[in-house]
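An overview of the molecular structure
These are the residues of each chain, in order.
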Amino acid sequence: ASARFLTQTTFGPTRSEIDRVALIGRDLWLLEQLGKTPSLHLPRYQALLAQTASATDARYAAWWEIALTAPDQLRQRVAFALSEILVVSDADTALDDRPMQLTAYYDLLVRNAFGNYRTLLEQVALSPAMGLYLSHLGNDKPDPLSGRRPDENFARELMQLFSIGLWQLNRDGSPILDAKGEQIPTYDQEVIENYARIYTGWTWAHRTSWGRNSSVAEETEAPMKSFPDHHDSGSKVLIDGSVVPAGQTPEQDLKAALDSLFKHANVPPFIARQLIIKLITSNPSPAFIERIARVFENNGLGVRGDLGAVVTAIFLDPEARLGFLSDQTVYGKLKEPLLRLSQLLRAFEARSRSGLFGVGRTQAAYAQAPLGANSVFNFFSPHYQQPGAIKNGGYYSPEFQLQTETQGVLIVDNLGKRIVLTTATAGDNDPVLDLSSLVAEAADSGAMLDDLEVLLLGGSMSASLRDIASRAIALIPDAGDEVSRLKRAQVAVMVIAVSPEFAAQR
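First things first, this report covers the structure right here in the doc. (Residues numbered from 1 in each chain as written. Predicted model: local features only at pLDDT ≥ 70, side-chain atom pairs only at ≥ 80, totals over all residues. Heavy atoms only, no water.)

Let us now look at the layout of surface pockets. Taken as a whole, the largest pocket encloses approximately 750 Å³ of empty space. Listed by contribution, the elements that provide at least two residues to the lining of the largest pocket are helix H13 (267–279) and helix H14 (286–297). The residue makeup of the lining of the largest pocket, split by class, is 16 nonpolar, 13 polar and four charged. Of the pockets and cavities examined, the second largest pocket occupies roughly 440 Å³. Every residue lining the second largest pocket is counted, 25 residues in all, and those nearest its centre are Lys-333, Leu-334, Ile-390, Phe-400 and Ala-504. (1 Å grid on protein atoms, 1.4 Å probe; cavity = no way out; pocket = protein on both sides within 12 Å on 5 of 7 lines; lining within 4 Å. Points joined across faces, edges and corners; volume = space filled by probe spheres on them. Helix = DSSP H or I, 4+ residues; strand = E, 2+ residues; numbered from the N terminus. Nonpolar A, V, L, I, M, F, W, Y, C, P; charged D, E, K, R; others polar.)

Moving on, we get to the packing of aromatic side chains. What describes a pair of aromatic rings is the distance from one ring centre to the other and the angle between the planes of the rings. What the rule picks out here adds up to eleven aromatic pairs. Both rings, one in Phe-154 and one in Tyr-199, keep their centres 5.1 Å apart while their planes meet at 75 degrees; by these two values the pair is edge-to-face. Pair noted here: Phe-154 is in helix H10 (residues 153–160) and Tyr-199 is in the loop between helix H11 (189–198) and strand E1 (202–203), with a separation of 45 residues, a long-range link. Residue class for Phe-154 comes out buried when judged on its relative accessible area of 1%. On the basis of an interplanar angle of 70 degrees and a centroid distance of 5.7 Å, the ring pair of Trp-210 and Phe-227 is categorised as edge-to-face. One end of the pair, Trp-210, is in the loop between E1 and strand E2 (225–226); the other, Phe-227, is in the loop between E2 and strand E3 (236–237), with 17 residues separating them in the sequence. Every member of this aromatic cluster is reached through a ring pair, and the members are Phe-11, Trp-63, Trp-64, Phe-80 and Tyr-106. Across from the ring centre of Tyr-396, 5.1 Å away, lies the NZ or CZ of Arg-273, which sits over that ring. Here the guanidinium or amino end of Lys-335 rests over the ring plane of Phe-502, the centre of that ring lying 4.0 Å away. (Phe/Tyr/Trp six-rings, centres within 6.5 Å; stacked < 30°, edge-to-face > 60°. Buried < 20%, exposed > 50% of the residue type's maximum accessible area, 1.4 Å probe, protein only. Lys NZ or Arg CZ within 6 Å of the ring centre and 35° of its normal.)

Turning to the packing of helix H15 (residues 307–316) against helix H16 (residues 318–326), a few remarks are in order. Helix packing geometry: the angle between the two helix axes and the distance between the axes. Between H15 and H16, the shortest axis-to-axis distance is 4 Å and the interhelical angle comes to 25 degrees. Judged by the inter-axis angle, H15 sits roughly parallel to H16. Contacts between H15 and H16 involve Ile-314, Phe-315 and Leu-316 from the first element and Pro-318, Ala-320 and Arg-321 from the second. Of the residues in the contact of H15 with H16, the class split is five nonpolar, no polar and one charged. (Axes fitted to C-alpha atoms, helices over the stretch in contact; angles between N-to-C directions. Parallel < 35°, antiparallel > 145°, perpendicular 65-115°, else oblique. Contact = heavy atoms within 4.5 Å.)

Right, let's get into helix H1 (residues 2–9). Of all eight residues in H1, eight are buried, a share of seventy percent or more. When H1 is considered as a whole, its buried residues turn out to be Ser-2, Ala-3, Arg-4, Phe-5, Leu-6, Thr-7, Gln-8 and Thr-9.

A separate point is the pattern of salt bridges. Between side chains of opposite charge, pairing is possible as soon as their charged atoms come close. Going through the model one piece at a time under the given rule, you end up with 28 salt bridges. Close ionic contact of Arg-148 with Asp-140 constitutes a salt bridge, the shortest N to O distance being 3.7 Å. For Arg-148, a relative accessible area of 35% corresponds to the partly exposed category. For Glu-193, the salt bridge identified is with Arg-149, shortest N-O distance 3.5 Å. Of this pair, Glu-193 sits in helix H11 while Arg-149 sits in the loop between helix H9 (128–133) and H10, and the two are 44 residues apart along the sequence. Each member of the salt-bridge network shares a partner with another, and the members are Arg-118, Glu-122, Lys-255 and Asp-259. (Salt bridge = Lys/Arg side-chain N within 4 Å of Asp/Glu carboxyl O.)

Looking now at helix H8 (residues 117–125). When we look at burial in H8, the residues that qualify are Tyr-117, Arg-118, Leu-120, Leu-121, Val-124 and Ala-125. The buried residues of H8 occupy one face: seen down the axis, they fall within an arc of 160 degrees. N-cap assignment for H8: the residue whose side-chain oxygen lies 2.9 Å from the backbone N of Arg-118 is Asn-116. (Arc of directions from axis to C-beta. Polar contact = N/O pair within 3.5 Å; in protein donor to acceptor, adjacent residues only side chain to side chain.)

Quick look at the packing of H1 against helix H2 (residues 15–24) now. Between H1 and H2, the shortest axis-to-axis distance is 9 Å and the interhelical angle comes to 110 degrees. Compared by their axis directions, H1 and H2 come out roughly perpendicular. Crossing angle aside, the handedness with which H1 passes H2 is right-handed. On H2, the residues touching Ser-2, Ala-3, Phe-5 and Leu-6 of H1 are Glu-17, Ile-18, Val-21 and Ala-22. When the residues that make up the contact of H1 with H2 are grouped by side-chain class, the tally is six nonpolar, one polar and one charged. (Left-handed = near helix turned anticlockwise from the far one by under 90°.)

Grouped burial of nonpolar side chains is what soluble globular proteins tend to show. Membership of the largest hydrophobic core comes to 136 residues, with the highest contact counts inside it found for Leu-86, Tyr-117, Tyr-199, Leu-344 and Phe-348. Those residues in contact with Tyr-199 that sit more than four places away from it in its chain are His-136, Asn-139, Phe-154, Ala-155, Leu-158, Leu-254, Ala-257, Leu-258 and Leu-261. (Core = buried A, V, L, I, M, F, W, Y, C linked by side-chain atoms within 4.5 Å.)

By the secondary structure assignment, Trp-29 is in helix H3 (residues 26–34). On the basis of relative accessible area, Trp-29 is assigned to the buried category, the value being 1%. It is 26 Å that separates the C-alpha atoms of Trp-29 and Arg-351, two residues lying 322 residues apart in sequence. Not counting residues within four places of it along the chain, the set of residues in contact with Trp-29 comprises Phe-5, Leu-6, Thr-9, Thr-10, Glu-17, Arg-20, Val-21, Ile-24 and Leu-74.

All we've got here are geometric facts, nothing functional implied.
In structure tokens, the structure reads:
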């Protein structure tokens, strides 16, 4: 139970953390994690610049080091989930040569992972990384003479993806229907245009005059600053029908816009479902969504948007803890490829000779890399349905959007050959699994598989997988020496790591 809990709450269970949760219980473990100091990526990135081939390599090395070793695992895991909701990406040319901006943006998510969602929205809105990605950095006020219109990109995605979604929702995430039984849109083009006018007049903090262009060497992670002369100061109509009066500052307009979205009834169920499907299960019940939406609305102290309270409620919810027992057909999710990799590396405390975590850009082998989604819609859609039995049953399977035949082979090949079979003779930066605990018991295949069942499968190995693994291990006779026992351990880990059961989170 502790291993299964840690599969949801961290980048992968370790033996020591499993023992810790078993000793103190889930509630106290969560409380401890909520109080841990954030492990920030930017300082580590800056320290690694001199040791890596490129600034991008330093960003990845810093991300992997913190994801695999940081003590504030819950915060890091929630930040990763948020990075797939409030998306920026180096797959876009606006950010492909700005690893510092991306690293600073990730730290913004780390710092706010247990904070207030309203604060997070404002910091995201003023982030130069987001400003570049969704093009509201340097967004100038309209000019009727030249025909210039405010950029609508950020205004649209802030509503569609970051806050309220496309359709009006009940508290349990189900759509509100009109008299004809059709879904009701949350906004229209006129709303987008009004909000686009609000997000004008912001650009780089280091600029002394208006403009979008910047030298990378001058750029900082500081929030964008306003240039009132380039802000549309006319009145605007907000989504709730209220009017922002003319003559306000950019800061006042921004506050009014974000407040109106944050207070919208859609935000609690929309964000609740997003977090649940990224952390727990692809098909949460309406009751699960409603319970979490209520916590978003009120953390028990009258505070709306308390993410610390929200994620605690998610992980302790009866459906998160026991749903796999009551609904084994639908409950659970396909693990994201990146999380399959991180779980394996953490389980055996992978390290390299150099001390660097040279996992590198994992996009080719795993279809994912930190802050590397192909679009603002993330690596996969929360509404994706795998054709066949899943779609026909009316279920969702977001991560299956990455699971093509080719990608499935690449993931298995990489997990097996590059990770499990890599030994101390590998390159200086290549992560090497510490299999010493398995080697010590390798003469007894049953003991090894008992260990792996907890560590990698949360205690849920099927009889067929155990039989396959046992027969594979038996092909390597135990000669009583270190070499044969290491091979037996590697075979045991490989069979589990490439199995469909390891690919699933239950």
